Amino acid sequence: MTKLLPLLVIFTLVQYNLCAQKFEQSNAFAFKLTEPIVLDGILDEEIWGEHGWSADFMQYFPSDTSLALVKTRVKIAFDENHLYLAAIMENNEPREYVSTSLRRDYRGQQNDGITFVFDTFNDKTNAFQFGVNPYGVQREGLLSNGGSKSEDLSLAWDNKWYAEAKIFEDRWQVEVIIPLSTLRFKDGAQNWNVNFYRIDSHVGERSTWSPIPRNFSIISTAFNRKLIFEEPLMKTSANISLIPYVAGKTSRNYLENTSEKFKPAVGGDAKIGLGPAMNLDLTFNPDFSQVEVDQQVTNLDRFEIFFPERRQFFLENADLFDSFGQMRSRPFFSRRIGVDIDSSTGQNVQSKIIYGARLSGKINENWRIGVMNIQTATDEEAGITGKNFSVLAIQKKVFARSNVGLIYVDKESLAQDEYQSLFDPSDYNRLLGLDYNLNSANGKWTGKAFYHRTFESRDTEKPYSLNAYVLFSDIHWAWSASFQDIGKDFNPEVGYLPRSNFKRFNPDVSYLFYPQSRLINRHGPKVEFEGYWNETIGTTDRDINLSYKVQFNSFSEVTLTQKNRYVYLFQDFDPTRTGGEKLLAGTDYTTKTLQLEYKSNPRNIFNVTLTAEGGQYYTGNYQKLESEMAVRIGYKANISMNFNYARIRLPAPQNDADLVLVGPRIDLTFTKGLFWTTFIQYNNQIDNLNINTRLQWRFAPVSDFFLVYTDNYFPESFLPKQRSLVFKLNYWLNL
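As a starting point, this report considers the structure included with it. Owing to the predicted nature of the structure, the values given are computational and were not obtained by experimental measurement.

In the structure shown here, the tally under the stated rule is 37 salt bridges. For R698, the salt bridge identified is with D704, shortest N-O distance 2.8 Å. The exposure classification of R698 matches that of D704, with both residues buried. Overlapping salt bridges bring together R184, K271, D281, E316 and R358 as one network.

As structure tokens, then:
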């Protein structure tokens, strides 16, 4: 045994050395820059020499067990004020590149591009993302919740950074400069978590520098590796941005015979970095008007439809506020702010926002905080009293990638009587909630548990919402289970709650096969149950769905689903939403339908997304077709058509209906700074024809001029309903 001891020691040292070498090779390195860089995409500076590149990208799609077919390498440098990136994307043969447009914030697996992901606090939960395509089009976004699903990436966030790309016969390459003031990170940081991924449209491949199993999302941060800085990273530059705007609008309402004369407005935002990781957003007389209308949908459901937030003021660290709750019970929904109800008409109207202030970011590696206060104005003509909105969100990291959070939401109404206190003591709505978000280190386990409670001046019964959810996913199996209980008087007025007074149980299980096939990438079945009930009625809804999905190596996919549904009506309901005879409350219905979904190869010049469903519908039957067809003409033009048709046949006295929603869209990109979009929406369910045409000139980084014309008509007579013309000019100035 004593003779074997030296051999064991030598073997151990060799193994340790090999492991150390492997660990060293698994890291990326950022080199201190001593000479300036000319941003031209040429990569002829000394810092971009032969050594120090991060290479050996692994394939993510169509497989995840081999090196990428097309080689990619990335190199990083830095100085006191900037981060510098270079990337070289090789090709196996001369080819053309796919870019759906020259507009910033491209998205989709059909676009060629290289993306850089920086987890600056090493929590493998939140990250910054920057991307560039072969034509130099940029995109930036914020990743949250570990990037476990595509919705965790928000490209609505904008900031100021610079990139240039060059195309050569055997490769394309990019050069990037990111001001450190754009990022939030710990001062004196020695390392970040990082990953890079590339989409190549020619061979249909997606690859990542740090390998990601193909059953996880490509934006998952669970598998990020280290970026080591040559010396500690210090933030020395000022981090103050001013974004003033001037805007104007004129409109006419033909239904009420009123008009709004042209009136200019001036205001602005400020973004102030407080330390390296906190950000203070300020806004004065903000312009929260939409420069692009929401896409309409045909609503055959009994409940309110959710539209996402797009306004810039709410976007940085938005997940800190928005990740509380879940899609059926959100304690905070920022689109409630700036909207009120006209007391004379009962309709939603825009209420003027006087100011807003928002502090958000990291206190340290484990704590995040967000505080928000916004004041709206009183409008005596509409009978609207001013509202004050306050939100506090605190989040603490626990274990490897999980967190626990506390949220407080307060909506107060100004007192009408000048002799009262500032706020009306009988008109308020408050919410207090606690959330736990589960993200395991290996990404296989995710989940959420929360308890929220609302407080009002009136007496309430069961004003709470609670939820418990867990999801397990590996290469083949995925299963989840969710239980939710929303009390009768739970009322988050600044949140999103389609319905209350129910309990919900929702388990599902699926399995994936990975055949050795040039055609099919993966396929498999899924079984899902969803049931709603309450103590008064019993079961109100029940869905049992059986589906089978096939995904092809071309990125196209097809899914067949058989749906079995039970519905109890606790309110009178018109199934067509056209003003017909309503089905009576207290009646129930059991139906069966079959649904087919198809998505074509998005890399094709012509592609289509199609959903067809048919079968029983309440007392009758229906057939529904939803489609989006698109034609791409290089990167200069995208022409698409949304077409939704629902044919509903019900016995008397209910109405039959043929519901049609048609939405052609033309998107022209003349240059990387000049865009023209025209969007037409015809919806016979609400008897409306909407035309929205928008000219955008990006005359400087993140600085735009918009000219927007919107018109609404009665489709049959083409008589106008409402008409408006809006212009807006904003400029982003870094101090």
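Further notes follow.
In the structure shown here, the tally under the stated rule is three cavities of 30 Å³ or more. Surrounding the largest cavity, 18 residues form its lining, N126, A127, F128, N317 and R368 being those nearest its centre. Tallied by class, residues from the lining of the largest cavity come to six nonpolar, five polar and seven charged. As a volume, the second largest cavity reaches approximately 70 Å³. Contributing to the lining of the second largest cavity are D123, T125, N126, K362, N366, R368, Q395, K396, K397, S402 and N403. Breaking the lining of the second largest cavity down by element, the ones donating at least two residues are β21 (387-398) and β22 (402-414). Per-element accounting of the lining of the second largest cavity gives the leading share, three residues, to β21. Per-class residue counts for the lining of the second largest cavity are no nonpolar, six polar and five charged.

For the rest of this paragraph, the subject is the nonpolar core. Ranked by size, the top nonpolar core spans 38 residues in total, and within it L83, F116, F118, V174 and W192 carry the most contacts. When sequence neighbours within four positions are dropped, the list of residues in contact with F116 reads V74, L85, A87, F128, Q129, F130, V174, V176, N195 and F196. Counting residues in each nonpolar core, the second largest holds 22 residues, with L320, I374, V409 and I486 among its members.

A few words now on the environment of P94. Relative to the assigned elements, P94 resides in the loop between β4 (82-90) and β5 (113-119). Separated by 76 residues in sequence, P94 and D170 have C-alpha atoms that sit 6.1 Å apart.

Let us look at the side chain of D281. Within the element layout of this structure, D281 appears in strand β16 (residues 278-284). Classification of D281 by relative accessible area gives buried; the value is 4%. A distance of 3.0 Å separates a polar atom in the side chain of D281 from a polar atom in the side chain of N279. Beyond its immediate stretch of four places on either side in the chain, D281 contacts A270, K271, F313, G356, A357 and R358.

With the rule as written, the count across this model stands at 32 aromatic pairs. One aromatic cluster is present, formed by F78, F118, F128, F130, W157, W161, F185, W192 and F229 through successive ring pairs. One Lys or Arg, R73, reaches over the ring of W53 and ends 5.6 Å from the middle of that ring. In this arrangement the basic side chain of R665 is found over the ring face of F679, its NZ or CZ atom lying 5.2 Å from the centre.

So, about the side chain of K75. Its location among the elements puts K75 in strand β3 (residues 72-78). In this structure K75 is buried but unpaired, with E46 as the nearest side chain of opposite charge at 9.4 Å. Polar side-chain contacts of K75 include one of 2.6 Å to the backbone oxygen of H51. With residues up to four places along the chain from it excluded, the contact list for K75 reads F31, I47, W48, G49, H51, G52, W53, Y84, L85 and A86.

When strand β20 (residues 367-376) meets β21, the two strands line up antiparallel, connected through nine bridges. Across the sheet, the residue bridging to I374 is F389, located in β21. Here β21 pairs with β22 via twelve bridges, running antiparallel. Residue pairing across strands places K397 opposite N403, the latter belonging to β22. Where β21 folds back onto β22 in an antiparallel hairpin, the turn is made up of three residues, including F399, whose phi is positive at roughly 55°.

Here T540 lies in strand β29 (residues 538-552). Each C-alpha atom, one on T540 and one on V662, is 33 Å from the other, the two residues being 122 residues apart in sequence. In this structure T540 touches R499, Y532, W533, N534, Y566, V567, Y568 and F570, once residues within four positions along its chain are discounted. Within polar-contact distance, the side chain of T540 engages the side chain of D541 at 2.9 Å.

Among the secondary structure elements, F118 is positioned in strand β5. Sequence-wise, F118 and A400 are 282 residues apart; in three dimensions their C-alpha atoms are separated by 18 Å. Once you skip the residues sitting within four places of it in the chain, F118 turns out to touch I76, L83, L85, A127, F128, F130, I178, W192, N193, V194 and L227.

Scoring rules and cut-offs
- Residues numbered from 1 in each chain as written.
- Predicted model: local features only at pLDDT ≥ 70, side-chain atom pairs only at ≥ 80, totals over all residues.
- Heavy atoms only, no water.
- Salt bridge = Lys/Arg side-chain N within 4 Å of Asp/Glu carboxyl O.
- Buried < 20%, exposed > 50% of the residue type's maximum accessible area, 1.4 Å probe, protein only.
- 1 Å grid on protein atoms, 1.4 Å probe; cavity = no way out; pocket = protein on both sides within 12 Å on 5 of 7 lines; lining within 4 Å.
- Points joined across faces, edges and corners; volume = space filled by probe spheres on them.
- Nonpolar A, V, L, I, M, F, W, Y, C, P; charged D, E, K, R; others polar.
- Helix = DSSP H or I, 4+ residues; strand = E, 2+ residues; numbered from the N terminus.
- Core = buried A, V, L, I, M, F, W, Y, C linked by side-chain atoms within 4.5 Å.
- Contact = heavy atoms within 4.5 Å.
- Polar contact = N/O pair within 3.5 Å; in protein donor to acceptor, adjacent residues only side chain to side chain.
- Phe/Tyr/Trp six-rings, centres within 6.5 Å; stacked < 30°, edge-to-face > 60°.
- Lys NZ or Arg CZ within 6 Å of the ring centre and 35° of its normal.
- Lys, Arg positive; Asp, Glu negative; His and termini not counted.
- Pairing = 2+ DSSP bridges.

Functional significance is not addressed by these values, which are geometric in nature.
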